[in-house]
Amino acid sequence: MKNRIDQAFQDKKRDLLNVYFTAGYPALEDTMRVAVALEEGGADVLEIGLPFSDPVADGPTIQASSTQALENGMTLVKLFDQLKDLRSRVSIPVLMMGYINPVLQYGIERFCAKCEEVGVDGLILPDLPMYEYEELYQPLFEKHGLYNVFLVTPQTSDNRIKKIDELSNGFIYMVAASSITGAKSDISATQVEYFNRVNAMGLKNPRMIGFGISNYATFSKACEYADGAIVGSAFIKQLSQDASDQAIKLFVKSIKNPS
Amino acid sequence: MTDTSSKYLVDERGYFGKFGGAYIPEMLYPNVEELRENYLKIINEHGFKERFDQLLKDYVGRPTPLYHAARLSEKYGAKIYLKREDLCHTGAHKVNNTIGQILVAEALGKKKIIAETGAGQHGVATATVCALMGLECIVYMGEVDMARQKPNVERMKILGAEVRPATSGSKTLKDATNEAMRHWINNPADTHYIIGSVVGPHPYPDMVARFQSVISEEIKHQLLEKEGKSDPDYVFACVGGGSNAAGAYYHFLGHENVKLIATEAAGLGNHSGKSAATTALGREGVLHGSRTILMQTDDGQVVEPYSISAGLDYPGIGPFHAHLFDSGRALFESITDEQAMTAGVLLSKLEGIIPAVESSHALAALENFQFKSDDIVVVNLSGRGDKDLETYIKWGKY
């Protein structure tokens, strides 16, 4: 079977909206409900965040949601249980995004097997070093049909971007600015220059832009330079205020097509 | 005698045995990579070494004395020496590292300095060298630690630093470290992050250990002068992240006849749920950019540690020490609040030296050993107790 991520980019008729949300937030049993509402609202790709106690790459909004999820009792064991019917209810690509330590403690082989079993398509583990992926985990990810998505930033050198492109599948996560999640909220000339530089490199993977995408304006602007964009903190903020199905669908609509 | 130190020092990939590495998000990669590419070149330059040594001598007050503690020796039936890091400028060994790193920052052309701090000693040592070099300084400190180490907060402010409270998680050292890393992510170009211990992604553990290695280098020379041999039988040091221990062990690592004793803070006891004894309670994982041993739940969430000593209140140990533990090169002991405070008061009464509560953990472990009368024992007295007066007063048993 073709990976759903490839399918999404291949079938793409419009800019792809990828939405990040924290598993087990705002309530422990919300994970599947939020995923279903996001797809119904028009999201194209989902990133399910694995909560961690020490999320150094995240800003206060996502950290607060992680802390809440952990207080709610979220664990990887619990999450895979919640996702056991994922593929009878959600058809768009689903990635897991999280820090490496909880995955290592769960057991990386067991983790990959479980991801395949419930129908996860890819992984984003920002603190997994490239060399370790290459030396230890790549065959494992491949065996379980999991795509590995790496991040690039405005400071990432061209040589490193090429290497990342080689080792990535599905798409490359283009971090819009040198920042933690949720820190900035518009797109500057320097960023445009960086997007253009990466786009001119002839990479094999499509790109999605994340960090600082919070509304229709930033989403559509980002999509001028990539195949899609990722919304995280802004959606978590929405969930913290109103997490009803209706509010989730309205949020997705407000990002993609407010008129 | 063969020197086996290469077994214990960092390899070319940035690992100590299976521990270490650089487990960092891409946003931190350029900063850490810039440092990794340059740190050895910078610190091996002749001019660097000269300036570093000069500042350690004239500004820090090195070499610190190796003091034969006669009354303490009599009590434990061995020849006990105290390495007086408590006499360093700013009151602890921390300044050895901040002097080294501020010179590295300067060589890299950085204009701003950030740091994390637990007890405040590293924050003070960082604020001090920033004042010395005229660089802007921001120190992240857990809100809880700010309350229990108020004098150090004020010291940093007097020195011209800005102290920013870390309000997430347990509001202690690990959270201050998270906040400092975030700040670095947001300000990659002009800022150097002075990590205060042998923790963090490669090259930090190795770089900090090298700067602190002046401690064991001096011990060697001083012992040779006093005892006619440079190797002691034992070196005792406390381990939070582990920078003073790394410095005190460094030049003895390859001399397997020197027994290395690492003491961790067991708080109210390792089975009380209130402890910071990482090797007793933790297991392998990834924290703050390195593969090491850390205290965590079955699900891989980092556990909030506890110790009476803010400087040992950290849920991990540096990869340097994880490897010493794993390989059996160092012996790890758990010391409770009670044992440490008792040892601190004992040293005060016997030798007229009030030690930092951190260092008291190393002193307390002397109780657990049967020494031979001619054993030469070095205890690294990493800091002085001035900052802990309130803790001693609250403890009250003196």
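Residues numbered from 1 in each chain as written. Chains lettered and ligands numbered in written order. Predicted model: local features only at pLDDT ≥ 70, side-chain atom pairs only at ≥ 80, totals over all residues.

Chemist: For this particular structure, what's the right way to read the overall build of chain B?
Modeler: Counting its secondary structure elements, chain B contains 16 helices and 14 strands. Taken against the 2.2 N^0.38 rule, which gives 21 Å for 398 residues, the C-alpha radius of gyration of chain B at 19 Å falls within 12% of a compact globule. Along the longest, intermediate and shortest principal axes, the C-alpha atoms of chain B span 55 × 45 × 40 Å. Considering only contacts in chain B between residues 6 or more positions apart, those separated by 24 or more positions represent 73%. (Helix = DSSP H or I, 4+ residues; strand = E, 2+ residues; numbered from the N terminus. Rg over C-alpha atoms; globule rule 2.2 N^0.38 Å. Contact = placed C-beta atoms within 7 Å.)

Chemist: Got a minute to help me understand the overall build of chain A in this structure?
Modeler: Summing up its helical and strand segments, chain A has 13 helices and nine strands in all. The C-alpha extent of chain A, read off along each of the three principal axes, is 45 × 45 × 35 Å. Going through the 259 residues of chain A one by one, you find that 54% of them count as buried. Put simply, 77% of the contacts in chain A that link residues at least 6 apart link residues at least 24 apart. (Buried ≥ 20, exposed ≤ 12 C-beta atoms within 10 Å, placed from the backbone.)

Chemist: I would appreciate a short explanation of the nonpolar core in the present structure.
Modeler: A general trend in soluble globular proteins is that nonpolar side chains are found buried together. All names here are of chain B. Formed by 211 residues in total, the largest nonpolar core has its most connected members in Val235 and Tyr249. Counting only domains with at least three residues in this core, you end up with domain 1 (25-56 + 94-208) and domain 2 (62-91 + 213-395). With near-sequence residues (within four places) excluded, valine 235 lies in contact with Ala248, Tyr249, Phe252, Val258, Leu260, Ile261, Val378 and Asn380. (Core = buried A, V, L, I, M, F, W, Y, C linked by C-beta atoms within 7 Å. Domains from an automatic or database assignment.)

Chemist: Any chance you could explain unusual backbone geometry here in plain terms?
Modeler: Most peptide bonds are trans, and most residues other than glycine sit at a negative phi. In the segment running from Tyr25(A) into Pro26(A), the intervening peptide bond is cis, with an omega of 0°. Position of Pro26(A) among the secondary structure elements: in the loop between strand S1 (16-22) and helix H2 (30-41). Following Arg62(B), the chain continues to Pro63(B) via a peptide bond in cis, the omega torsion being 0°. Within the element layout of this structure, Pro63(B) appears in the loop between helix H2 (46-60) and strand S3 (66-68).

Chemist: Help me understand the sheet that holds strand S6 (residues 136-142) of chain B in this model?
Modeler: Residue and element names in this part refer to chain B. Overall, parallel pairing links the four strands, which are arranged S7-S6-S5-S8 in an open sheet. Only two strands of the sheet have a single partner each, and these edge strands are strand S7 (162-166) and strand S8 (191-194). Across this sheet, the average inter-strand angle for adjacent strands is 25°, counted without regard to direction. Across five bridges, S6 lies against S7 in parallel orientation. Across the sheet, residue methionine 141 finds its bridge partner in S7, namely proline 165. Running at roughly 160° to strand S5 (residues 112-117), helix H8 (residues 173-186) makes contact with S5, S6, S7 and S8 of the sheet. (Pairing = 2+ DSSP bridges. Axes fitted to C-alpha atoms, helices over the stretch in contact; angles between N-to-C directions.)

Chemist: Help me out: how do you make sense of the environment of Glu71(A) in this one?
Modeler: Residue and element names in this part refer to chain A. Here glutamate 71 is to be found in helix H3 (residues 60-72). Residue glutamate 71 is classed as exposed on the basis of its C-beta count, with 12 C-beta atoms lying within 10 Å. Spatially, the C-alpha atom of glutamate 71 lies 9.0 Å from that of leucine 28, the residues being 43 residues apart in sequence.

Chemist: Can you walk me through the sheet that holds strand S4 (residues 122-124) of chain A in this structure?
Modeler: The strands making up a sheet are joined through hydrogen bonds of the backbone, oriented either antiparallel or parallel. Residues and elements named next belong to chain A. Strand order across the open sheet formed by nine strands is S5-S4-S3-S2-S1-S9-S8-S7-S6, with parallel pairing between neighbours. Taken across any chain shown, the strands that pair with only one partner, and hence form the sheet edges, are strand S5 (147-148) and strand S6 (151-152). As paired strands, S6 and strand S7 (residues 172-175) are joined by two bridges and run parallel to one another. Within S7, the residue paired with leucine 151 across the bridge is tyrosine 173. Here helix H11 (residues 216-223) sits on the sheet and contacts S1, strand S8 (207-210) and strand S9 (228-231); the angle it forms with S9, its principal contact strand, is near 145°. Helix H12 (residues 233-241) rests against S1 and S9 of the sheet, and its axis sits at about 55° to S1.

Chemist: What am I meant to see in the environment of Val235(B) here?
Modeler: Note on placement: Val235(B) falls in strand S9 (residues 234-238). Along the chain, Val235(B) and Ala330(B) lie 95 residues apart, while their C-alpha atoms are 9.7 Å from each other.

Chemist: How should the interface of chain B and chain A be read in this particular structure?
Modeler: The parts lose accessible area when they come together, and the size of an interface is often stated as this lost area. The interface is formed by 25 residues belonging to chain B together with 29 residues belonging to chain A. Among the elements of the structure, H8 and strand S11 (283-287) of chain B are those that each provide at least two residues to the side of chain B that touches chain A.

Chemist: What's the story with the pairing of strand S14 (residues 376-381) of chain B in this structure? I'm lost.
Modeler: A regular strand carries its side chains on alternate faces of the sheet. All names here are of chain B. Counting buried residues in S14 gives six out of six residues, a clear majority hidden from the surface. By the alternation rule, side chains of S14 split into Ile376, Val378 and Asn380 and Val377, Val379 and Leu381, which are all buried. With six bridges connecting them, strand S4 (residues 79-84) and S14 associate as parallel partners. Paired with lysine 79 across the bridge in S14 is isoleucine 376.

Chemist: Got a minute to help me understand the packing of helix H4 (residues 94-107) of chain B against helix H9 (residues 204-212) of chain B in this structure?
Modeler: Working note: a packed helix pair is described by the angle between its axes plus the distance between those axes. Residue and element names in this part refer to chain B. One can describe the packing of H4 onto H9 by two numbers: an axis separation of 8 Å at closest approach and a directional angle of 115°. For the pair H4 and H9, the crossing hand works out as right-handed. Contact residues: Asn96, Asn97 and Gly100 in H4; Val208, Phe211 and Gln212 in H9. Looking at the contact of H4 with H9 residue by residue, the classes come out as two nonpolar, four polar and no charged. (Left-handed = near helix turned anticlockwise from the far one by under 90°. Nonpolar A, V, L, I, M, F, W, Y, C, P; charged D, E, K, R; others polar.)

Chemist: Would you explain the domain arrangement of chain B in this entry?
Modeler: Residue and element names in this part refer to chain B. For chain B, the assigned domains are domain 1 (25-56 + 94-208) and domain 2 (62-91 + 213-395). Each partner contributes to the interface: domain 1 provides 30 residues, whereas domain 2 provides 28 residues. Those elements that place two or more of their residues in the side of domain 1 that touches domain 2 are H4, helix H5 (121-133), helix H6 (143-148), helix H7 (150-158), H8 and H9. Counted by class, the side of domain 1 that touches domain 2 contains twelve nonpolar, 14 polar and four charged residues.

Chemist: Can you walk me through H11(A) in this structure?
Modeler: Helical geometry note: an α-helix holds 3.6 residues per turn, so side chains three or four residues apart project in the same direction. Residue and element names in this part refer to chain A. The set of residues buried in H11 consists of Thr218, Phe219 and Ala222. Taken around the axis of H11, the buried residues stretch over an arc of 100°, which confines them to a single face. Elements that come into contact with the buried residues of H11 comprise S1, S8, S9 and helix H13 (245-256). (Arc of directions from axis to C-beta.)

Chemist: Help me understand the confidence of the model for chain B in this model?
Modeler: Detailed reading of the predicted coordinates is not advisable wherever pLDDT is low. Averaged over every residue, the pLDDT of chain B is 96; residues scoring 70 or more account for 100%. ipTM for the predicted complex: 0.94, alongside a pTM of 0.96. (pLDDT = per-residue confidence, 0-100.)

Chemist: Is there a simple way to explain the packing of H4(B) against H5(B) in this structure?
Modeler: All names here are of chain B. The geometry of H4 relative to H5 is characterised by a closest axis approach of 9 Å and an angle of 45° between their N-to-C directions. In terms of orientation, H4 and H5 fall into the oblique class. Note on packing geometry: the crossing formed by H4 with H5 is right-handed. On H5, the residues touching Lys94, Val95, Thr98, Ile99, Ile102 and Glu106 of H4 are Gln121, His122, Ala125, Thr126, Thr128, Val129, Cys130 and Met133. Grouping the amino acids of the contact of H4 with H5 by side-chain chemistry returns seven nonpolar, five polar and two charged. (Parallel < 35°, antiparallel > 145°, perpendicular 65-115°, else oblique.)

Chemist: Honestly, helix H15 (residues 357-364) of chain B in this entry has me stumped. Any pointers?
Modeler: Residue and element names in this part refer to chain B. Burial analysis of H15 places eight of its eight residues in the buried class, which makes it a mostly covered element. Inspection of H15 places Val357, Glu358, Ser359, Ser360, His361, Ala362, Leu363 and Ala364 among the buried residues, and these make up the whole buried set. Those residues of H15 that are buried lie in contact with S9, strand S10 (259-267), strand S13 (330-336), helix H14 (337-351), S14 and helix H16 (389-395).

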